[in-house]
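# A structural walkthrough
Here are the chains, one letter per residue:
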Amino acid sequence: MAALALLALLTVGASTAATRNSDPRVAFLSGGRLVVLDLSTGTRRIALAQAPVQALAWSGDGRLLSDGGRIVGGPTLPTTTLDWSPTGETAAYQTKAGAVMLWTPAGGSRTILPASWGASSFAWGANGELGVGRSTRARHDVWIWKRGRLTRVATATGSDPRPIVAGLDGRGRVLWWNDPYSSASLAADGLTLYANGTKLAQTLVFPDYVAHCGGRLAVAAGNDRYTTDGKRILLQGRDVSRDPSRSWVSPACNSTGTLVAAAGRNWVEPRIGLGERRTIWELEPQRAQLTHPPAGWTDENPRMLADGSILFVRTRETTTKDASTGTWRTVATGRLELIAGGRTRLVGTTSWTGDGFGGSYVQYYGHYRWPWLVAVTS
């Protein structure tokens, strides 16, 4: 059985394989299905006919795709999120008990940190290393794991601290937020981002608020859980947004010097979901507004592709109430738009529906959860 599963997995990988630069692909949910779209040719295929609404991710080489712990054409691992290495086909995940595991097509799963070690979070670096946060009754610190060797690089501070790892920077330092009270409510208003022991900025704890630009680092800085209030883009510590009339979020960049972000009115919106109205801007090397969404829509989560094009999600959120049960449901609709060659074109549509106003993928104080639900290979 193991050999057959591996053969199926490798067959799926081969059928979707291409170089990341020449064949950018985007995965998204549509009508309960997981869809893969080739942005160069417009070809699309159904990767999963029945797909759970969980985090989507590509392997580092762009050959394998996961929806939560399910690998398309391969096994389902005991987790809701896989963190793929930026190169190759190695995934890291954490079991419900707390052990940190590595999975590869050839070797399957193996434990690298037992549950008793106390891993609180982890993320890959560029060279096969994991930044790992540790939080136990006695230890609250940050480590680098590489090929079985652990090196401590920082210590979290506070009365009950919890380190939240975001990744590694171009100098090999672990990027992590210090949650001094292990409080989700207090963390929602922003935490200090560190590189090993060096303070960088106060930011909200979202994956699209920290971006690597080759050897440089861009962050959306500013506290207060309202994403429409007082956020700015720092590039290597320098404010490149330079416009306090707007609140700037979701930086995206590449190694050749292009930096974009989403921005909207700088205010504390009285009704979340109606007042974001963001547009996509290029901040470097030139400064220009790139998009103009129609009324009722907001442009979110820009992604830089290797060829210089930009993918973003034009978003509208609505709520409906079931007359028979009184249950409220939130519906977020996303139009996947691609900016290339000075033109913007629609390439696909996606949506999710959630019960009530909570849940993992419901918009939170103006931050939309597309970073988890739209995955791009380059």
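Provided above is the structure to which this section pertains.
My aim in this report is to walk through the structure given alongside it, one point at a time. (Residues numbered from 1 in each chain as written. Predicted model: local features only at pLDDT ≥ 70, side-chain atom pairs only at ≥ 80, totals over all residues. Heavy atoms only, no water.)

It is worth spelling out the sheet that holds strand β12 (residues 130-135) at this point. Strand-to-strand pairing in sheets goes through backbone hydrogen bonds, with the strands running parallel or antiparallel. If you walk across this open sheet you meet the 4 strands as β11-β12-β13-β14, and the pairing is antiparallel. Either end of the sheet is taken by a strand with one partner, and the two such strands are β11 (119-124) and β14 (149-155). Averaged over neighbouring strand pairs, the angle between their axes works out to 25° when direction is ignored. (Pairing = 2+ DSSP bridges. Helix = DSSP H or I, 4+ residues; strand = E, 2+ residues; numbered from the N terminus. Axes fitted to C-alpha atoms, helices over the stretch in contact; angles between N-to-C directions.)

Of note, His140 is situated in strand β13 (residues 140-146). A relative accessible area of 17% means that His140 is categorised as buried. Engagement of the side chain of His140 in a polar contact is seen with the side chain of Ser135, the distance being 3.4 Å. At 2.9 Å, the side chain of His140 forms a polar contact with the backbone oxygen of Pro161. Contacts of His140, omitting those with residues within four sequence positions, involve Arg134, Ser135, Thr155, Ala156, Asp160 and Pro161. (Buried < 20%, exposed > 50% of the residue type's maximum accessible area, 1.4 Å probe, protein only. Polar contact = N/O pair within 3.5 Å; in protein donor to acceptor, adjacent residues only side chain to side chain. Contact = heavy atoms within 4.5 Å.)

A few words on the pairing of strand β18 (residues 198-203). Bridge count between strand β17 (residues 191-195) and β18: 5 bridges; the pairing is antiparallel. Among the inter-strand pairings, Leu193 is bridged to a residue of β18, identified as Ala201. Adjacent in sequence and paired antiparallel, β17 and β18 are bridged by 2 residues, among which Asn196 carries a positive phi angle near 50°.

Enumeration according to the criterion identifies 1 disulfide in this entry. Between Cys213 and Cys253 runs a disulfide, and the two sulfur atoms are separated by 2.0 Å. Residues Cys213 and Cys253 share a disulfide whose torsion about the S-S bond is about -75°; that sign makes it left-handed. Of this pair, Cys213 sits in strand β19 (residues 210-213) while Cys253 sits in strand β23 (residues 246-253), and the two are 40 residues apart along the sequence. For the residue pair Cys213 and Cys253, the accessibility class agrees, reading buried in each case. (Disulfide = S-S within 2.5 Å.)

Two side chains of opposite charge can pair, provided their charged atoms sit close to one another. Going through the model one piece at a time under the given rule, you end up with 12 salt bridges. Here Arg173 ties to Asp169 by a salt bridge, and the two come within 2.8 Å at their closest N and O atoms. Classification of Arg173 as buried rests on a relative accessible area of 17%. Three or more residues joined by partner-sharing salt bridges are found here, namely Arg216, Arg238 and Glu284. (Salt bridge = Lys/Arg side-chain N within 4 Å of Asp/Glu carboxyl O.)

The subject of this paragraph is the nonpolar core. By size, the foremost hydrophobic cluster in this structure holds 31 residues, and its most contacted members are Val26, Leu34, Leu65, Leu311, Leu336, Trp370 and Val374. What Leu336 contacts, discounting residues up to four positions off in sequence, is Val26, Phe28, Leu311, Phe312, Val313, Arg345, Leu346, Val347, Gly348, Thr350 and Val374. If you look at the next biggest cluster of nonpolar residues, it comprises 26 residues, including Leu259, Ala261, Ala263 and Ile310. (Core = buried A, V, L, I, M, F, W, Y, C linked by side-chain atoms within 4.5 Å.)

As far as function goes, none of this settles anything; it's purely spatial.
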